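Listed below, chain by chain, are the residues.
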Amino acid sequence: MTDVRFMEEALEEARRGWGTTHPNPMVGAVIVESEKVVSRGFHAKSGEPHAEINALNNLGRKPSTDAVLYVTLEPCSSTGKTGPCSQAILDSGLRKVVIGTIDPDTRHQGRGVEILRAAGVETSVGILAEACEDLNLIFNHVAKTATPFLAGKTATTLDGKVATRAGKSKWITGETARADVMQWRRLFPAIAVGSGTVLADDPRLTSRMEDSDFCPRRFIFDRSLRTADGLDHYQVYIDDHRDRSIVVTVEGADGVQAFEKQGIEVWRMPSDAQKFWAEFKARCIKEGITGVFFEGGAGLMSGLLAQKQLDYLFAYRAPRFLADEEAQTFVTGQEVPRMENAYSLSQVHHAILGDDQLMRGFVNYVDA
């Protein structure tokens, strides 16, 4: 239980880097002497010192002989923008290290642990491993697949509706759930909606929290450039963050020049659905966009699902229902012959947010 308690403190440190470390992971570390935390550190930004280095520097002296380092992710073993943390640990004289989870990048996986153990440092792995892995959903996915992490978000009624038959959706969930969405928006490098959402809701697509109004990159998926008529009034095209907006359309779409004239970046993708998503993801990685938070609407989310591109789903649910078969659902267009062929989530996390619920997990695809 002692290891769990101190790893929880390291996790709290890691969360201080929420949304600021891309493309690096969030990592936290604490140094414990005589069952007491004497120093803390976290990784704040790519290119800056890692959590272990900050914890050692913040200590301001050599660790005591009984000191233990708790760190949420395996110490790095290679030299990048900073030196290897595994060597810094050895140089400090630490003789015991407790690690939450192994680095998922196969180029480094397990090497930090090997270096420490080969030097005689007592090293244990797997304390609160699930929580440590969940902290870095985006980093872990990119490390394993070299593709951006595409996550969808939906807010539904008990009967699975996202809007009335007239398209009205404000508000399905309460303030607590909506505040939670803002936290996730802050984590992702980019947020995405379809043209229908812009036309219906004119969203800001920013993360509005008590201490900040953060704007990630903003994707507007608009194959036919329906939003061109709103270049002078839709918020994503005229606000102070308009340089963060990117219109994603298809090659040959009419009206691209109108967006570019307004200084709005346009990505032209192939019209073929499979090639569309392949090139979109490759462009994201090239631009350093490691994760995209899709907030719909139904057409965009259904397209992601049909092409098996949706990696993860945040499903908020409110204690109300419409009982209207013509009310809008968040995904359509699929034929599922048996329940065993249904889409499902794995590694599921649940949260109660006021009167609402959040269920989130990895999307599983099963062929019919």
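What counts, and where the lines are drawn
Residues numbered from 1 in each chain as written. Predicted model: local features only at pLDDT ≥ 70, side-chain atom pairs only at ≥ 80, totals over all residues. Heavy atoms only, no water. Helix = DSSP H or I, 4+ residues; strand = E, 2+ residues; numbered from the N terminus. Rg over C-alpha atoms; globule rule 2.2 N^0.38 Å. Contact = heavy atoms within 4.5 Å. Areas by Shrake-Rupley, 256 points an atom, 1.4 Å probe, with all protein chains shown as cover. Lys, Arg positive; Asp, Glu negative; His and termini not counted. Charge placed at Lys NZ, Arg CZ, Asp CG, Glu CD. Pairing = 2+ DSSP bridges. Axes fitted to C-alpha atoms, helices over the stretch in contact; angles between N-to-C directions. Expected span 1.5 Å × (residues − 1). Buried < 20%, exposed > 50% of the residue type's maximum accessible area, 1.4 Å probe, protein only. Parallel < 35°, antiparallel > 145°, perpendicular 65-115°, else oblique. Left-handed = near helix turned anticlockwise from the far one by under 90°. Nonpolar A, V, L, I, M, F, W, Y, C, P; charged D, E, K, R; others polar. Phe/Tyr/Trp six-rings, centres within 6.5 Å; stacked < 30°, edge-to-face > 60°. Core = buried A, V, L, I, M, F, W, Y, C linked by side-chain atoms within 4.5 Å.

Q: Report on the overall build of the protein, specifying residues and quantitative values.
A: A count of helical and extended segments in the protein gives twelve helices and 18 strands. Against the globule reference of 21 Å for 368 residues, the protein gives a C-alpha radius of gyration of 23 Å, in line with a compact fold. Taken along its principal axes, the extent of the C-alpha atoms in the protein is 70 × 45 × 40 Å. Within the protein, contacts between residues at least 6 apart in sequence are counted, and of these 69% link residues at least 24 apart. Carbon and sulfur atoms make up 48% of the accessible area of the protein, which totals about 17700 Å². The protein carries 42 positive and 50 negative side-chain charges, and their two centres are separated by 2 Å.

Q: So, the sheet that holds strand S18 (residues 356-364): which residues are in play, and what are the values?
A: Sheet architecture is open: nine strands sit in the order S13-S12-S11-S8-S14-S6-S15-S18-S17, paired in mixed fashion. Whereas interior strands pair on both sides, the edge strands pair on one side only; in this sheet they are strand S13 (265-269) and strand S17 (344-353). Neighbour-to-neighbour, the strand axes of the sheet open up by a mean angle of 20 degrees, direction not taken into account. Helix H7 (residues 175-187) rests against strand S6 (149-156), strand S8 (190-194), strand S14 (291-294), strand S15 (312-317), S17 and S18 of the sheet, and its axis sits at about 160 degrees to S15.

Q: Report on H7, specifying residues and quantitative values.
A: Taking 1.5 Å as the rise per residue, H7 with 13 residues should run 18 Å; its terminal C-alpha atoms sit 19 Å apart, in good agreement. The complete set of buried residues in H7 reads Ala-177, Asp-180, Val-181, Met-182, Trp-184, Arg-185, Arg-186 and Leu-187.

Q: Which residues make up the packing of helix H3 (residues 85-92) against helix H4 (residues 111-118), and what values go with them?
A: One way to put it is that H3 packs onto H4 with a least axis distance of 9 Å and a crossing angle of 20 degrees. The orientation of H3 relative to H4 falls into the category roughly parallel. Note that H3 runs across H4; the crossing there is right-handed. On H4, the residues touching Ser-86, Ile-89 and Leu-90 of H3 are Gly-112, Ile-115 and Leu-116. Tallied by class, the residues present in the contact of H3 with H4 amount to four nonpolar, two polar and no charged.

Q: Give a detailed account of the packing of aromatic side chains, specifying residues and quantitative values.
A: As enumerated under the stated definition, the model contains 24 aromatic pairs in all. With a centroid separation of 6.2 Å and 15 degrees between ring planes, the pair formed by Phe-149 and Phe-188 is classed as stacked. Placement of Phe-149 in strand S6 and of Phe-188 in the loop between H7 and S8 is noted, with a sequence separation of 39 residues between them. A relative accessible area of 1% means that Phe-188 is categorised as buried. The rings of Trp-18, Phe-149, Trp-184, Phe-188, Phe-293, Tyr-312, Phe-314 and Phe-362 are connected pair by pair, giving a single aromatic cluster.

Q: Break down the nonpolar core for me, citing the residues and quoting the values.
A: Among the nonpolar cores identified, the biggest contains 73 residues, and Phe-219, Phe-221, Phe-280, Val-292 and Phe-294 are the most heavily contacted of them. In this view, Phe-294 contacts Leu-150, Ala-151, Gly-152, Lys-153, Ala-192, Phe-221, Trp-277, Phe-280, Leu-300, Met-301 and Leu-304; residues no more than four positions away in its chain are not counted. Grouped together as the second largest cluster of nonpolar side chains are 19 residues, Ile-31, Ala-55, Leu-56 and Leu-94 included.

Q: I'd like a description of the environment of Glu-122, backed by residues and values.
A: Structurally, Glu-122 can be placed in strand S5 (residues 122-125). Exposure remark for Glu-122: the relative accessible area of 49% places this residue in the partly exposed category. Once the C-alpha coordinates of Glu-122 and Val-97 are considered, the two residues, 25 residues apart in sequence, prove to be 6.3 Å apart.

Structural measurements only, silent on function.
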